[in-house]
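Here's the letter readout for the chains.
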Amino acid sequence: MGRRLTRPLVAAAFVACAVAGIAAPERAEAREVVRLNFQAEPGTIVIRNSERRLYLVKENGVAIRYRVAVGRASEQWEGRTVVNGRHIRPAWSPPAVVRRAKPNLPDVIPGGAPNNPMGEGALTLAGGEYAIHGTTESMRRSVGTAASFGCFRMLNEDVVDLMNRVGVGTTVIVKR
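Throughout what follows, the structure given in this document is the object of discussion. Because the structure is a prediction, the values reported are computed rather than measured.

### Comments concerning the pattern of salt bridges
Next, step 1: The tally for this structure, following the rule as stated, stands at nine salt bridges.
Next, step 2: Between E32 and R65 there is a salt bridge, with the nearest N and O atoms lying 2.4 Å from each other. Placement of E32 in strand β1 (residues 32-35) and of R65 in strand β4 (residues 62-67) is noted, with a sequence separation of 33 residues between them.
Next, step 3: When its relative accessible area of 37% is taken as the criterion, E32 is described as partly exposed.
Next, step 4: A salt bridge links R140 to E157; the shortest N-O distance between them is 3.0 Å. Residue R140 is located in the loop between β8 (131-133) and β9 (146-148), and its partner E157 is located in helix α3 (residues 156-163); the two are separated by 17 residues in the primary sequence. Taken individually, R140 and E157 each receive the classification buried, so the pair is uniform in this respect.
Next, step 5: Where salt bridges share partners, they join R31, D158, D161 and R165 into one cluster.

Written out as structure tokens, the structure reads:
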């Protein structure tokens, strides 16, 4: 593709994202394409707590790998579920486990608020109060650690990227 054609296409992509209300991703520090050392169906999300990584499985034995914050040792879980919701800048109500640990939190933090732990987006998971979600600016450093109450926290630019690649019904496998 020639340089004269590439620039208008990039500009058009940014305009389309802006019109659709989708933030153009910043540099994604945590995202990379890797060869898999395990088997999973293309389109599946595999989260490995011990690695603090989320894999979006692609064709031909490769995946897009993202750094994530996983649950603290006492809050980690494993199993199989599906994405049951896609939410852009959702409001957040602390679940009971968070409310017990942090009783001073408000009942609801509005979507888009700087202190909303869901960040730019969330993929909710069936069967519990868990999600794969973005983060606040002050919590970015926690990505790649064991810091959550069981959710999987990503950089905002990475959760936007993931949300653009998967939909409701996507299988999610969580391993220790």
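Here the narrative resumes, following the displayed structure.
### Considerations on the side chain of D161
Next, step 1: Note on placement: D161 falls in helix α3.
Next, step 2: The exposure class assigned to D161 is buried, which follows from its relative accessible area of 11%.
Next, step 3: A polar contact of 2.6 Å, which involves the side chain of D161, links it to the side chain of Y66.

### Here we look at the environment of D161
Next, step 1: Along the primary structure D161 and R31 are separated by 130 residues, whereas in three dimensions their C-alpha atoms are 9.3 Å apart.
Next, step 2: When residues no more than four places from it in sequence are discounted, the contact partners of D161 are R31 and Y66.

### A closer look at the nonpolar core
Next, step 1: Within the largest apolar cluster, 22 residues are counted, with the highest numbers of intra-cluster contacts made by I45, I47, L54, I132, F152, M154 and L162.
Next, step 2: Secondary-structure elements contributing two or more residues to this core are β2 (45-48), β3 (53-57), β4, β7 (121-125), α3 and β11 (171-175).
Next, step 3: Of the residues forming this core, the biggest block, four residues, is contributed by α3.
Next, step 4: Other than its neighbours up to four places away in sequence, I45 contacts L54, Y55, L56, I132, L162, V166, T170, T171, V172 and I173.

### Some details on the environment of R65
Next, step 1: Given a relative accessible area of 22%, R65 falls into the partly exposed group.
Next, step 2: Side-chain polar atoms of R65 contact the side chain of E32, separated by 2.4 Å.

### Some thoughts on the side chain of T170
Next, step 1: Relative to the assigned elements, T170 resides in the loop between α3 and β11.
Next, step 2: Of note is the side chain of T170, whose polar atom sits 2.7 Å from the backbone oxygen of G167.
Next, step 3: Excluding its chain neighbours within four sequence positions, the residues that come into contact with T170 are G43, I45, T81, V82 and V83.

### Examining the packing of aromatic side chains
Both the distance between ring centres and the angle between the ring planes are used here to describe each pair of aromatic rings.
Next, step 1: Applying the stated criterion to the full structure yields three aromatic pairs.
Next, step 2: A centroid spacing of 5.3 Å and a plane angle of 85 degrees characterise the contact between F38 and Y55, whose relative ring orientation is edge-to-face. With F38 in the loop between β1 and β2 and Y55 in strand β3, this residue pair connects regions lying 17 residues apart in the sequence. The residues F38 and Y55 share a single accessibility class, namely buried.
Next, step 3: Here the aromatic rings of W77 and Y130 are separated by 5.1 Å at their centres, their planes lie at 20 degrees, and the arrangement is stacked. Pair noted here: W77 is in the loop between β5 (70-71) and β6 (79-88) and Y130 is in the loop between β7 and β8, with a separation of 53 residues, a long-range link.
Next, step 4: W77 gets classed as buried once you look at its relative accessible area, which sits at 17%.
Next, step 5: Given a relative accessible area of 28%, Y130 falls into the partly exposed group.
Next, step 6: One aromatic cluster is present, built from ring pairs that chain together W77, Y130 and F152.

Criteria and thresholds
Residues numbered from 1 in each chain as written. Predicted model: local features only at pLDDT ≥ 70, side-chain atom pairs only at ≥ 80, totals over all residues. Heavy atoms only, no water. Salt bridge = Lys/Arg side-chain N within 4 Å of Asp/Glu carboxyl O. Helix = DSSP H or I, 4+ residues; strand = E, 2+ residues; numbered from the N terminus. Buried < 20%, exposed > 50% of the residue type's maximum accessible area, 1.4 Å probe, protein only. Polar contact = N/O pair within 3.5 Å; in protein donor to acceptor, adjacent residues only side chain to side chain. Contact = heavy atoms within 4.5 Å. Core = buried A, V, L, I, M, F, W, Y, C linked by side-chain atoms within 4.5 Å. Phe/Tyr/Trp six-rings, centres within 6.5 Å; stacked < 30°, edge-to-face > 60°.

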